[in-house]
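The residues making up each chain are set out below.
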Amino acid sequence: MIPEYKAAEIEKKWQKKWETTKLYRCNLQDLERKLYCLVMFIYPSGDKLHIGHWYNYAPTDTWARFKRMQGFNVFEPMGYDAFGLPAENYAIKMGVHPAESTEKNINVIREQLKAMGAMYDWDHEINTSRPEYYQWTQWLFLQLYKNGLAYRKKAAANWCPTCQTVLANEQVVDGYCERCESEVLTRDLEQWFFRITRYAEQLLDGHNQIQWPEKTISMQKNWIGKSIGATIDFKVVDHEDLIQVFTTRPDTLFGVTYMVLAPEHPLVEKLTRPEKRAEVDAYILQARKLREIDRTSTEKEKTGVFIGSYCVNPVNKEQVPIWIADYVLVTYGTGAVMAVPAHDQRDFEFAQKYHLPIRKVISPNGEKSEDDLTQAFEETGVMIDSGQFSGMESTKGIDAVVDYLWENGCGDRRVNYKLRDWLISRQRYWGAPIPIIYCEGCGEVPVPESDLPVLLPENVEFKGKGISPLATSPDFVDVPCPKCGKPARREIDTMDTFVCSSWYFLRFLTPKIKDRAFDTSICDAWLPVDQYVGGAEHAVMHLLYARFFVKALRDFGLIHFDEPFQRLVHQGTITNKGAKMSKSRGNVVNPDAFIEKYGADTFRMYMMFMGAYEEGGDWSDEGIVGIYRFLRRIWRIVLQIHESKPCGAEGTRYKKVVQQMHYAIKNCTGDLERFHFNTSISRIMELVNEISLYIQNVPANEQNRNLNEELIPNLLRLIAPFAPHFAEELWERIGKTYSIFDQKWPEHDESQLIKETTSMGIQINGKIRGQIEVAVDVNDADIIKMAMDDEKIKQYIKGKTIQKALVVKNKLVSLVIKDMP
């Protein structure tokens, strides 16, 4: 009698054995077929894994298991991106220290990850909020600082006047504080930056070395925003100051009718005329209430104020008025824009609103037109009303105008990037402290490396009001200067959590070493990561920052490779009844409830079957039941065949099963390599169907002995990466040695895929009426004769005239008939 499939019991059994036997411990010294597989590590803000985590981790683990069975030495670690704002908000709300709540969450999540059946090497676990990790985050900050890549300057931050605190972007909801719902302003604060802009060109060039989704690469390219153009100097009337602009269209310079500065531009204060002061100050205050994304929106109505001063166009000496407008950002380009309303739609709309001149200087065909423009002409063409450059093609005029500017000392060629330096300062507690001390005499002093880590203090107040909680700990703030020994104070900002995740893939390899952040020789041997998996939402943050870190560390001589992640895959999103899952919709799927009922193997396998991995799928309670039944079906078939011990030699029907097996092996291998899990599972289902038909139609004593000796073991090898506990249990029950994951992945035999016969449909007057099995090398005339001789077909053509007979090779016989005259 075949025993019942008891998922919970089986999964606990194998999780325990895998752990006690250290099956998944990776030998980092074995480099012959090394493979580093990494999934973006988890943020333990919640106390349980949700379905999104499962969809990220379980399929990636399936791929890693598949590669292990192919003979690769797979390193698959797991850790926790444990610093961050949600834990601190929880502390403020509940009065629980974030270290306590984070550690509690990690303990729960670790057990859930083990229950998932993932083959993580737990000897390499890391937690970014522990001192033994953030000591080295601080050390890396100091390396960037020593090399001129970390610096401090004033920058705008979100400020809540009621809470009297700086807010992260996530804490600002539609321009209001999420805590007290007060209107949020921007405020200039001294903050720390990493000079990622120094690597803009290298970050673009590196895209040629990596296998990433084209969309992700495109997002990074757009974010970096390389532009080739020129800088142009406009002298301010009655002042010694110059306003410098960057433009990609110097050919339109004769069309400039006004200048626009960002409200925050340092010259605004100096150049604003007294009679304009009140209006300008009010506008600046209003601009500070807007987010940058709102200010630059093409849908937002353009607003601005004339500040009362003028500057001089260097090519025609014309005086143009200087305005401020919130659509110009001080952080992009030079913070100033030469406005050419006839040839830039944004400038056009602004000029129309404020009745500013619109002067056409580019014509599609070189001819002038007196007609008023209804919109800006932004294409290239022929220069008109442009002095000595009139009549020149604008593409050539770009270089000609820049040459003129350079010769006259008022412009030059330049490459510009939209990319801005990475602001890493966070006015919060739960993050890595920035290792800088401020001394009145010595100024900015880096903490000596021997004094690291700068530990987070325990005696802080979580009020959610005022400056960083670190400022409430005198023991933390008040320290002697490392240089002169006089009283000094610590930096009270902490680092952006993306700093922690910009190098964690280096630490995973040697998480326990105490004398350095990572082992250079081991990192050089194992990196870049061969396969990285995670959300596309990180395209222009984590994925860009990690690339910057690697390039900087390479330049410091600490590592000797250029990119962190060689191959990248993004998972899709799981919906429920076509809608994104959320608590408010009441459609969140709780993995634990389904795992308790059907087991982790069923749950992980169903997630991989519901749709293409990079697109996601729609959850169905009925669908998971179907996968559960499928596993139980395999369970019965495998144990039935094992118990019956086939010893026959039946070959005709078995040959078709073997053919299906090799077809499944070939396609599963190719599909798994590309993360096409759903089609891989479909091929396994087809194989199971063929096996089932065989054992139903062939008596047990005639069934081919290879069914038990070859086919069933290969079926279990194919299913093992998807349902690891299930496959391990059946592997043991059919008498095989532990572990199935030490077995070789099956290889297909191409010769077995060559069909000797094929099924062909028989169509009569457009309708399928029958089917015949024919040898693949039979000629068309014989196939037609076989079709007409078929007993079923004879009934349709009896007493009829065959008007036309056609063979579609290996697919169809088409007959056109009509009644006999």
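Residues numbered from 1 in each chain as written. Predicted model: local features only at pLDDT ≥ 70, side-chain atom pairs only at ≥ 80, totals over all residues. Heavy atoms only, no water.

### A word on the overall build of the chain
Here's step 1: Scanning the chain for helices and strands turns up 26 helices and 34 strands.
Here's step 2: Each of the three principal axes of the chain carries a C-alpha extent, and together these read 105 × 85 × 50 Å.
Here's step 3: Relative to its full complement of 821 residues, the chain shows a buried share of 54%.
Here's step 4: A separation of at least 24 residues holds for 72% of the contacts in the chain among residues at least 6 apart in sequence.
Here's step 5: Averaged over its 102 positive side-chain charges, the chain has a centre that lies 4 Å from the centre of its 112 negative ones. (Helix = DSSP H or I, 4+ residues; strand = E, 2+ residues; numbered from the N terminus. Buried < 20%, exposed > 50% of the residue type's maximum accessible area, 1.4 Å probe, protein only. Contact = heavy atoms within 4.5 Å. Lys, Arg positive; Asp, Glu negative; His and termini not counted. Charge placed at Lys NZ, Arg CZ, Asp CG, Glu CD.)

### A closer look at the sheet that holds strand 26 (residues 531-533)
Here's step 1: Pairing in this open sheet of 4 strands is parallel, and the strands run 2-1-26-27 from one edge to the other. In the strand order of this sheet, the two ends are held by strand 2 (73-75) and strand 27 (568-569), each with one partner.
Here's step 2: Relative to strand 27, strand 26 runs parallel, the two being bridged by 2 bridges. Among the inter-strand pairings, Val533 is bridged to a residue of strand 27, identified as Val569. (Pairing = 2+ DSSP bridges.)

### So, helix 2 (residues 51-69)
Here's step 1: Compared with the 27 Å implied by 1.5 Å per residue over 19 residues, the 27 Å span of helix 2 between its first and last C-alpha is a close match.
Here's step 2: The buried fraction of helix 2 amounts to 18 of the 19 residues, a majority that puts the element mostly inside the structure.
Here's step 3: Once helix 2 finishes, Gly71 follows within two positions and takes phi at roughly 100 degrees, a positive value. (Expected span 1.5 Å × (residues − 1).)

### Structural notes on the packing of helix 21 (residues 652-673) against helix 23 (residues 706-719)
Here's step 1: At a closest axis distance of 11 Å, the pairing of helix 21 and helix 23 adopts a crossing angle of 25 degrees. The orientation of helix 21 relative to helix 23 falls into the category roughly parallel. Here the hand of the crossing between helix 21 and helix 23 comes out left-handed. In this structure, helix 21 uses Tyr654, Val657, Met661, Ala664, Ile665 and Cys668 to contact helix 23, whose residues at the interface are Asn706, Leu707, Glu710, Leu711, Asn714 and Leu718.
Here's step 2: Partitioning the contact of helix 21 with helix 23 into residue classes produces 9 nonpolar, 2 polar and 1 charged. (Axes fitted to C-alpha atoms, helices over the stretch in contact; angles between N-to-C directions. Parallel < 35°, antiparallel > 145°, perpendicular 65-115°, else oblique. Left-handed = near helix turned anticlockwise from the far one by under 90°. Nonpolar A, V, L, I, M, F, W, Y, C, P; charged D, E, K, R; others polar.)

### A look at the pairing of strand 12 (residues 258-261)
Here's step 1: Neither face of strand 12 is open: one carries Tyr258 and Val260, the other Met259 and Leu261, and all of them are buried.
Here's step 2: Pairing of strand 12 with strand 15 (residues 336-339) involves 4 bridges; the strand directions are antiparallel. Residue pairing in the sheet places Tyr258 in a bridge with Ala339 of strand 15.

### Comments concerning the sheet that holds strand 21 (residues 436-439)
Here's step 1: The strand order across the open sheet formed by 4 strands is 22-21-24-23, and the pairing between neighbours is antiparallel. Every interior strand has two partners, whereas the edge strands, strand 22 (443-446) and strand 23 (478-480), have only one. The mean inter-strand angle of the sheet, taken between neighbouring strand axes irrespective of direction, is 40 degrees.
Here's step 2: Pairing of strand 23 with strand 24 (residues 487-490), which is carried by 3 bridges, proceeds in the antiparallel orientation. When the sheet's bridge partners are listed, Asp478 is paired in strand 24 with Arg489.

### What to know about the packing of aromatic side chains
Here's step 1: One pass over the full model with this rule turns up 54 aromatic pairs.
Here's step 2: Ring centres 5.6 Å apart and planes at 15 degrees place the aromatic pair Tyr151 and Phe193 in the stacked group. Of this pair, Tyr151 sits in strand 5 (residues 150-160) while Phe193 sits in strand 9 (residues 185-194), placing them 42 residues apart in sequence.
Here's step 3: Clustering of aromatic rings is evident, with ring pairs tying together Phe141, Tyr145, Trp192, Phe194, Tyr199, Trp422, Phe498, Tyr545, Phe548 and Phe549. (Phe/Tyr/Trp six-rings, centres within 6.5 Å; stacked < 30°, edge-to-face > 60°.)

### Points about the side chain of His570
Here's step 1: With respect to the secondary-structure elements, His570 resides in the loop between strand 27 and strand 28 (573-576).
Here's step 2: Classification of His570 by relative accessible area gives buried; the value is 8%.
Here's step 3: Of the polar contacts made by the side chain of His570, one reaches the side chain of Thr216; its length is 2.6 Å.
Here's step 4: Ignoring any residue separated from it by four or fewer positions in sequence, one finds His570 in contact with Pro213, Thr216, Gly534, Gly535, Ala536, Leu543, Tyr613 and Glu614. (Polar contact = N/O pair within 3.5 Å; in protein donor to acceptor, adjacent residues only side chain to side chain.)

### Re the environment of Leu329
Here's step 1: Assignment of secondary structure puts Leu329 in the loop between strand 14 (319-325) and strand 15.
Here's step 2: When its relative accessible area of 10% is taken as the criterion, Leu329 is described as buried.
Here's step 3: A C-alpha to C-alpha distance of 47 Å links Leu329 and Val74, two positions 255 residues apart in sequence.

### Topic: the side chain of Thr257
Here's step 1: Here Thr257 lies in the loop between strand 11 (242-247) and strand 12.
Here's step 2: Among the polar contacts listed, one links the side chain of Thr257 to the backbone oxygen of Pro357, at a separation of 2.8 Å.
Here's step 3: With residues up to four places along the chain from it excluded, the contact list for Thr257 reads Val320, Pro321, Ala339, Pro341, Pro357 and Arg359.

### Section: the environment of Asn27
Here's step 1: By the secondary structure assignment, Asn27 is in the loop between helix 1 (7-20) and strand 1 (34-39).
Here's step 2: Owing to a relative accessible area of 42%, Asn27 belongs among the partly exposed residues under this scheme.
Here's step 3: Discounting chain neighbours no more than four positions away, the residues touching Asn27 are Asn73 and Trp526.
Here's step 4: Within polar-contact distance, the side chain of Asn27 engages the backbone nitrogen of Gln29 at 3.0 Å.

### Considerations on the layout of surface pockets
Here's step 1: A volume near 780 Å³ is recorded for the second largest pocket.
Here's step 2: Looking at the second largest pocket, it is lined by 23 residues, and the ones nearest its centre are Lys656, Gln659, Lys755, Thr757 and Glu773.
Here's step 3: Secondary-structure elements contributing two or more residues to the lining of the second largest pocket are helix 21, helix 22 (677-697) and strand 31 (757-764).
Here's step 4: Sort the elements by how many residues they give to the lining of the second largest pocket and helix 21 lands first, with 8 residues.
Here's step 5: Its residues assigned to classes, the lining of the second largest pocket shows 6 nonpolar, 9 polar and 8 charged. (1 Å grid on protein atoms, 1.4 Å probe; cavity = no way out; pocket = protein on both sides within 12 Å on 5 of 7 lines; lining within 4 Å. Points joined across faces, edges and corners; volume = space filled by probe spheres on them.)

### Notes on the pairing of strand 10 (residues 226-236)
Here's step 1: Counting buried residues along strand 10, 8 of its 11 residues qualify, which places the element largely inside the surrounding structure.
Here's step 2: As judged from the 6 bridges shared by strand 10 and strand 11, these two strands associate in the antiparallel manner. Bridge pairing in strand 11 places Lys235 opposite Leu242.
Here's step 3: Counting the residues that bridge the hairpin from strand 10 to strand 11 gives 5 residues, and of these Asp238 lies at a positive phi of roughly 65 degrees.
Here's step 4: The pairing of strand 10 with strand 13 (residues 304-312) spans 2 bridges and is classified as antiparallel. Across the sheet, residue Val236 finds its bridge partner in strand 13, namely Cys311.

### Considering the pattern of salt bridges
Here's step 1: Throughout the structure, instances matching the rule amount to 48 salt bridges.
Here's step 2: Ionic pairing is found between Asp123 and Lys22, a salt bridge with its closest N-O pair at 3.5 Å. Here Asp123 is found in the loop between helix 4 (98-115) and strand 4 (126-127), whereas its partner Lys22 is found in the loop between helix 1 and strand 1, with 101 residues between them in sequence.
Here's step 3: A salt bridge links Arg426 to Asp496; the shortest N-O distance between them is 3.3 Å. Note that Arg426 is positioned in strand 20 (residues 425-426) and Asp496 in the loop between strand 25 (494-495) and helix 14 (497-500), a separation of 70 residues in sequence.
Here's step 4: Counted as one network, the salt bridges with shared partners bring together Lys13, Glu729, Glu732 and Arg733. (Salt bridge = Lys/Arg side-chain N within 4 Å of Asp/Glu carboxyl O.)

Interpretation in functional terms is not warranted from these geometric data alone.
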